[in-house]
Amino acid sequence: MLCGSHGKDVHLSFTPSLSEEYIRGLEVQKDFLHEWGYFANDFDIRDWIVHEPLEAARKLVEAQQKFANFPDKIDA
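Residues numbered from 1 in each chain as written. Predicted model: local features only at pLDDT ≥ 70, side-chain atom pairs only at ≥ 80, totals over all residues. Heavy atoms only, no water.

A. Looking closely at the packing of aromatic side chains. Scanning the entire structure with this criterion turns up 3 aromatic pairs. On the numbers, 6.0 Å between centres and 40° between planes, the contact of Phe32 with Trp36 is tilted. Where Phe39 meets Phe43, the ring centres are 5.6 Å apart and the plane angle is 45°; that geometry is what we call tilted. Ring pairs connect the aromatic residues Phe39, Phe43 and Trp48, which therefore count as one cluster. (Phe/Tyr/Trp six-rings, centres within 6.5 Å; stacked < 30°, edge-to-face > 60°.)

B. A look at the confidence of the model for the protein chain. Looking at the protein chain, the pLDDT average stands at 86 and 87% of residues meet or exceed 70. Mean pLDDT across the secondary structure elements of the protein chain bottoms out at helix H1 (residues 2–6), with 71, and peaks at helix H3 (residues 20–35), with 95. (pLDDT = per-residue confidence, 0-100. Helix = DSSP H or I, 4+ residues; strand = E, 2+ residues; numbered from the N terminus.)

Here you go:
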């Protein structure tokens, strides 16, 4: 389904984010599912969001990129 809506190369351009825009999108999806009876009890989506793991992953990727960008030639 994701490839159908975003193309087969979505993995090359998707960046996980917990921006306000993304969180609001999750709220809209959750509200739709609740209104249509997919689950009985409503909840606050923000209570389920933990920012620290994604931030730690972002820092790890940033650190790895620093080590991956070695010059082709080292002047001695």
